[in-house]
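These are the residues of each chain, in order.
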Protein chains: 2
Amino acid sequence: MTRASSRRPGPPTRTERGIPEATVARLPVYLRALTALSDSGIATASSEDLATAAGVNSAKLRKDLSYLGSYGTRGVGYDVEYLRYQIAREIGVTQDWAVVIVGIGNLGHALANYSGFGTRGFRIVALLDADPKLVGERIGDMEVRDFAELEDIVERDRVSIGVITTPAGPAQEVCDRLVAAGVTSILNFAPVVLSVPDGVDIRKVDLSIELQILAYHEQRKSGEAALPQVPELPAMNGLTDLPSVGGVGA
Amino acid sequence: MTRASSRRPGPPTRTERGIPEATVARLPVYLRALTALSDSGIATASSEDLATAAGVNSAKLRKDLSYLGSYGTRGVGYDVEYLRYQIAREIGVTQDWAVVIVGIGNLGHALANYSGFGTRGFRIVALLDADPKLVGERIGDMEVRDFAELEDIVERDRVSIGVITTPAGPAQEVCDRLVAAGVTSILNFAPVVLSVPDGVDIRKVDLSIELQILAYHEQRKSGEAALPQVPELPAMNGLTDLPSVGGVGA
DNA sequence: TAGATTGTTAATCGATTAACAATC
DNA sequence: TAGATTGTTAATCGATTAACAATC
């Protein structure tokens, strides 16, 4: 398998902008699928092959790729290495993005240890926490630093992405500090809706919301007809009316 | 603030089905917002209040709520407790869903410790791992058990939700075992596309995909005009052509 | 009654999908 | 050339939004 070199296909001038959000969200999935194919020594793949590996249908995949340009060959398929590089470049992970993690509890700890931080393209430059008891603790080859150092670190390491793994309480304040320090992208694991000014992107990962979405569908599977999944072995909660739900009870 | 009791509003007969997916995904957000309002002692809220708390616009919120029924009062707003219970019931978190976590590495550990497992409505009944070195380890008030016990546990505790926090490698096999054991909803943290039979719901949480989506937008902020965020201090990577990206290099 | 706010309609927007002409 | 497969068009579907009649 030879490298794809820097040749470019036919008309390389595509809008380079205005890729639909739904497509943007799938590009990382395609990138991962291409990496897997590449690791298996597969040099060429059709849209059908790729779509299967990515878990989408081939029409959607071709439509998505068409926003990036014409990187396939009719009658043949896509050069795996070449397409992989094009997508990586489009996403921006041919660069190396500096990331700080704020809030080194269980989850922050887990993310700090996350090997390779998922995919290449990201580099954790600091683990921050405001708790003096945590500051100085070593995690892998890093040391937890004081949240007060945030501004210095963001400036010196050109940090553009912040990950918030604090509890809900301090999350908005942490967010404000990150934004004021110059961070323009935030990945929020705290269970709160954060508000940020225009120009700052925010994404949210929320375990309990994901579980609740699953529960909704699960409830409908059992069917109003069938028996509910209420645990009937313990069966000691005598609530008949308004169970405490969604946090602090009534 | 009095309990909403079991009164039901006007015509309680709505389709009870066919709530759009986008709406289902927002119901947990509304539930959390209502809980926050309730905790602040607020008894009534307008769609505008609620929408602000949930981070959406009020038209969308009203449209979403209209799929559940007519739980508001024109000219007044919504009774916070009452609406909270209705949404909790619609989602299914007035029940208690049994959950197993498979793969007790850093992330599984973190989730096991996650206080209250997010919101009420879910109960971790087992932490499972195939590694004999981990089996028997205590985490909080639970003990890691052998993955081989999966089938017994699922049957005895009527487990319908499984959380996969293994590495990518064993994830599909773990998934297959979960499904075979009777689990019908899966929350997957492993960076792979899992395939499941019809009738099994699967949701995916993927740190590296979230970061890549942020990177995409970040790249466009810097602008093709402005200087790229490439770290220029180390500046030792002499790659000019095809940097290794997305996993194992070329 | 006058003011406020819901629930719903209709218009708009964006995403998905199937089909196929272009072309390797 | 014949077969395969892309890139794109057009139809369909679902989600968002604004506006307002219904009604508390």
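Everything that follows concerns the structure shown earlier in this document.
About the criteria used
Residues numbered from 1 in each chain as written. Chains lettered and ligands numbered in written order. Predicted model: local features only at pLDDT ≥ 70, side-chain atom pairs only at ≥ 80, totals over all residues. Heavy atoms only, no water. Helix = DSSP H or I, 4+ residues; strand = E, 2+ residues; numbered from the N terminus. Buried < 20%, exposed > 50% of the residue type's maximum accessible area, 1.4 Å probe, protein only. Contact = heavy atoms within 4.5 Å. Areas by Shrake-Rupley, 256 points an atom, 1.4 Å probe, with all protein chains shown as cover. Pairing = 2+ DSSP bridges. Near = heavy atom within 4 Å. Polar contact = N/O pair within 3.5 Å; in protein donor to acceptor, adjacent residues only side chain to side chain. Nonpolar A, V, L, I, M, F, W, Y, C, P; charged D, E, K, R; others polar. Core = buried A, V, L, I, M, F, W, Y, C linked by side-chain atoms within 4.5 Å. Salt bridge = Lys/Arg side-chain N within 4 Å of Asp/Glu carboxyl O. Axes fitted to C-alpha atoms, helices over the stretch in contact; angles between N-to-C directions. Expected span 1.5 Å × (residues − 1).

J.: It is not clear to me how the overall build of chain A should be interpreted in this structure. Could you clarify?
T.: In terms of regular secondary structure, chain A is built from eight helices and 10 strands. Here chain A holds 250 residues, and the buried ones make up 48% of them. Residue pairs at least 24 apart in sequence account for 57% of intrachain contacts in chain A once pairs closer than 6 positions are excluded. Surface exposure of chain A reaches about 11500 Å², of which carbon and sulfur atoms provide 53%.

J.: Any chance you could explain the pairing of strand β5 (residues 122-129) of chain A here in plain terms?
T.: It is a general feature of regular strands that their side chains alternate between the two faces of the sheet. Residue and element names in this part refer to chain A. Burial within β5 is extensive, with seven of its eight residues counted as buried. Two strands pair when backbone bridges link them, and strand β4 (residues 97-102) and β5 are joined in this way by six bridges, in the parallel orientation. Its bridge partner being in β5, I101 is matched across the sheet by L127. Examined bridge by bridge, β5 and strand β7 (residues 142-146) share three bridges and lie parallel to one another.

J.: Looking at this model, I keep getting lost on the sheet that holds strand β3 (residues 77-79) of chain A. Mind explaining?
T.: Sheets are built from strands paired through backbone hydrogen bonds, the pairs being either parallel or antiparallel. Residues and elements named next belong to chain A. Read across the open sheet, the three strands follow the order β1-β3-β2; overall the sheet is antiparallel. The sheet terminates laterally at β1 (44-45) and β2 (72-73), the two strands that pair on one side only. Both β1 and β3 contribute to a ladder of two bridges, which runs antiparallel. Bridge pairing in β3 links T44 to D79.

J.: So what exactly am I meant to see when it comes to the protein's contact with DNA strand C here?
T.: Lining the immediate environment of DNA strand C, one finds 26 residues, of which R26 and R74 of chain A together with S47, G72 and Y78 of chain B sit closest. Sugar and phosphate atoms form 65% of the subset of DNA strand C atoms that lie within 4 Å of the protein. One nitrogen or oxygen atom from the side chain of R26 of chain A is found 2.7 Å from a phosphate oxygen belonging to DNA strand C. For DNA strand C, a phosphate oxygen lies 2.5 Å from a polar atom in the backbone of S47 of chain B. Counting only elements with at least two residues in the surface near DNA strand C, the list comes to α1 (21-39) and α3 (58-66) of chain A together with α3 (58-66), β2 (72-73) and β3 (77-79) of chain B. In terms of residues, the surface near DNA strand C owes the most to one element, α3 of chain A, which gives four residues. Looking at the surface near DNA strand C residue by residue, the class counts come to six nonpolar, 11 polar and nine charged.

J.: What exactly am I supposed to notice about the nonpolar core here?
T.: Soluble globular proteins tend to bury their nonpolar side chains together. Counting 100 residues, the largest nonpolar core has L50, I87 and L127 of chain A together with L50, I87 and L127 of chain B as its most contacted members. Among all residues touching L50 of chain B, those that are not within four sequence positions of it are A33, L34, L37, A45, L61, Y78 and L83 of chain B. Listed in part, the 23 residues of the second largest apolar core include A126, L128, A190 and L194 of chain A.

J.: When you look at the pattern of salt bridges in this model, what are you seeing that I'm missing?
T.: Oppositely charged side chains can pair when the atoms bearing their charge come close. Under the definition given, this model contains 26 salt bridges over all chains. Here K221 of chain A ties to D201 of chain B by a salt bridge, and the two come within 3.2 Å at their closest N and O atoms. Separated into two different chains, K221 of chain A in helix α8 (residues 207-222) and D201 of chain B in strand β10 (residues 201-204) make up a pair that spans both. According to the relative accessible area criterion, K221 of chain A is partly exposed, its value standing at 32%. Notably, a salt bridge pairs D206 of chain B with K204 of chain B, separated by 3.2 Å at the nearest N-O pair. Among the residues examined, D206 of chain B registers a relative accessible area of 5% and is labelled buried. Given a relative accessible area of 33%, K204 of chain B falls into the partly exposed group.

J.: What is the right way to read the sheet that holds strand β5 (residues 122-129) of chain B from this model?
T.: Residue and element names in this part refer to chain B. Within the open sheet, the seven strands sit side by side as β6-β7-β5-β4-β8-β9-β10. Their pairing is mixed. Edge positions in the open sheet fall to β6 (138-139) and β10, since each of these has one partner strand only. Lying on the sheet, helix α7 (residues 168-181) is in contact with β4 (97-102), β8 (161-164) and β9 (185-188); it crosses β8 at an angle near 170 degrees.

J.: It is not clear to me how the environment of A36 of chain A should be interpreted in this structure. Could you clarify?
T.: In this structure, A36 of chain A sits in helix α1. In sequence terms A36 of chain A and A53 of chain A are 17 residues apart; their C-alpha atoms lie 8.4 Å from each other.

J.: Please clarify how the protein's contact with DNA strand D should be interpreted in this entry.
T.: Near DNA strand D, the surroundings consist of 26 residues, among which S47, G72 and Y78 of chain A together with R26 and R74 of chain B are the closest. In the interface set of DNA strand D, defined as its atoms within 4 Å of the protein, sugar plus phosphate atoms amount to 65%. Within the side chain of R62 of chain B, one N or O atom sits 3.5 Å away from a base nitrogen of DNA strand D. Here R74 of chain B contributes a side-chain N or O atom positioned 2.7 Å from a base nitrogen of DNA strand D. Only α3, β2 and β3 of chain A together with α1 (21-39) and α3 of chain B provide two or more residues apiece to the surface near DNA strand D.

J.: Looking at this model, I keep getting lost on helix α8 (residues 207-222) of chain B. Mind explaining?
T.: Each full turn of the α-helix corresponds to 3.6 residues, which orients residues three or four apart in the same direction. Residue and element names in this part refer to chain B. If you check α8, its first and last C-alpha atoms are 23 Å apart, about what 16 residues at 1.5 Å a residue would give, namely 22 Å. The buried fraction of α8 amounts to 14 of the 16 residues, a majority that puts the element mostly inside the structure. Capping the start of α8, D206 holds a side-chain oxygen 3.1 Å from the backbone nitrogen of S208, two or three residues further along.

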